[in-house]
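Here are the chains, one letter per residue:
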Amino acid sequence: LVLVLSLSLPVADCPGTSSAEAGRAAACQGCPNQKLCAAGAAAPDPAEAAELRERLRSVKHTILVLSGKGGVGKSTFSALLAHGLAADEAKQVALLDIDICGPSIPKMMGLEGEQVHQSGSGWSPVYVEENLGVMSVGFLLSSPDDAVIWRGPKKNGLIKQFLRDVDWGEIDYLIVDTPPGTSDEHLSIVQYLSATRIDGAVIITTPQEVSLQDVRKEINFCHKVKLPIIGVVENMSGFICPKCKNESQIFPPTTGGAEKMCQNLNVSLLGKVPLDPQIAKSCDKGQSFLSEAPESPATSSYRNIIQRIKEYCDQHHFHEEKII
């Protein structure tokens, strides 16, 4: 059985989830989220918002990691961002995996097979280090090979539970690893976190145009839902030979890569990360590439990008305090 659907969705004319026309405009016809927006579910109700605000009031900074396409290294970046921020033992870091159908964070963080524990104050995150906690649907599965076959409402309910029922405690950085695209999970996390504060999104891409065209959609999504963009990271940006130090373009940037795209769209380019086979090996073993390969050019790129994100969050927090 082959089912072919032909839909014409004027996405560029989307009124945005916070608009009074959300779900009702002509551009909303055929959108899979039309009923959600039309029902006024673009933001939590006041009681729900107050509950989420109370639970997350001790989270200082929230960073969403997005990608338009799968396989560009988004979860790898989320894991290494968490490790990099947690390298400062004075900081408490939490990594929330909302990739419901493809939860790879437990494997990457060396936590495969761990279970979530219930306490009087809610679910307890699974800890990598004393200052680095992780939550993922992967901890709720009986086997890492189990498929999560859920419709949107059930995914949305679990994301709400992760925010409302997990005892995060005092957190300096909450990193949210999202699935590829701009669908239910992304709308839900932005809607629920609108009750608190989001510092912004980091968008991951690779140099080729087939990846960049989806990132442009992701940037448009961020603008529509009023999600600040911290910047773009170009992953797999060339390969530096460890012997001769020459650089080869494995994925040629035929349209100028992320750098050209960021210039055109007035978005910050946080940095470029070259390919290193050790990154995949470290992820498979559940180890931090940053500590396993400290001399790698990729490690240097990651550290520079993480430092820029920290500076953005500090500056963002400073401006908010001045406004308050």
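Before any of the text, the structure's been laid out above.
Thresholds applied
- Residues numbered from 1 in each chain as written.
- Predicted model: local features only at pLDDT ≥ 70, side-chain atom pairs only at ≥ 80, totals over all residues.
- Heavy atoms only, no water.
- Axes fitted to C-alpha atoms, helices over the stretch in contact; angles between N-to-C directions.
- Helix = DSSP H or I, 4+ residues; strand = E, 2+ residues; numbered from the N terminus.
- Parallel < 35°, antiparallel > 145°, perpendicular 65-115°, else oblique.
- Contact = heavy atoms within 4.5 Å.
- Nonpolar A, V, L, I, M, F, W, Y, C, P; charged D, E, K, R; others polar.
- Buried < 20%, exposed > 50% of the residue type's maximum accessible area, 1.4 Å probe, protein only.
- Core = buried A, V, L, I, M, F, W, Y, C linked by side-chain atoms within 4.5 Å.
- Salt bridge = Lys/Arg side-chain N within 4 Å of Asp/Glu carboxyl O.

Digging into the packing of helix H2 (residues 46-56) against helix H5 (residues 152-165)
Inference 1: At a closest axis distance of 8 Å, the pairing of H2 and H5 adopts a crossing angle of 50 degrees. It follows from the interaxial angle that H2 and H5 lie oblique. Between H2, through Glu48, Glu51, Leu52, Arg55 and Leu56, and H5, the contact on the second element is made entirely by Lys160, Leu163, Arg164 and Asp165.
Inference 2: Of the residues assigned to the contact of H2 with H5, the class counts are three nonpolar, no polar and six charged.

Quick look at helix H6 (residues 184-193)
Inference 1: Extensive coverage of H6 is indicated by the burial of nine of its 10 residues.
Inference 2: Here H6 has its buried residues at Glu185, His186, Leu187, Ser188, Ile189, Val190, Gln191, Tyr192 and Leu193.

Quick notes on the nonpolar core
Inference 1: Membership of the largest hydrophobic core comes to 86 residues, with the highest contact counts inside it found for Leu64, Phe77 and Ile309.
Inference 2: Among residues more than four places away in sequence, those in contact with Ile309 are Ile63, Phe77, Leu81, Val202, Ile230 and Leu270.

Regarding the pattern of salt bridges
Inference 1: Enumeration according to the criterion identifies 12 salt bridges in this entry.
Inference 2: Taking the shortest distance from any N to any O, the salt bridge between Arg57 and Glu54 comes out at 2.9 Å.
Inference 3: By relative accessible area, Arg57 is classed as exposed at 63%.
Inference 4: In this structure Glu54 comes out as partly exposed when scored by relative accessible area, which is 49%.
Inference 5: Here Arg216 makes a salt bridge to Glu209, at a shortest N to O gap of 2.7 Å.
Inference 6: Residue class for Glu209 comes out partly exposed when judged on its relative accessible area of 23%.
Inference 7: The network of salt bridges with shared partners includes Lys69, Asp214 and Lys217.

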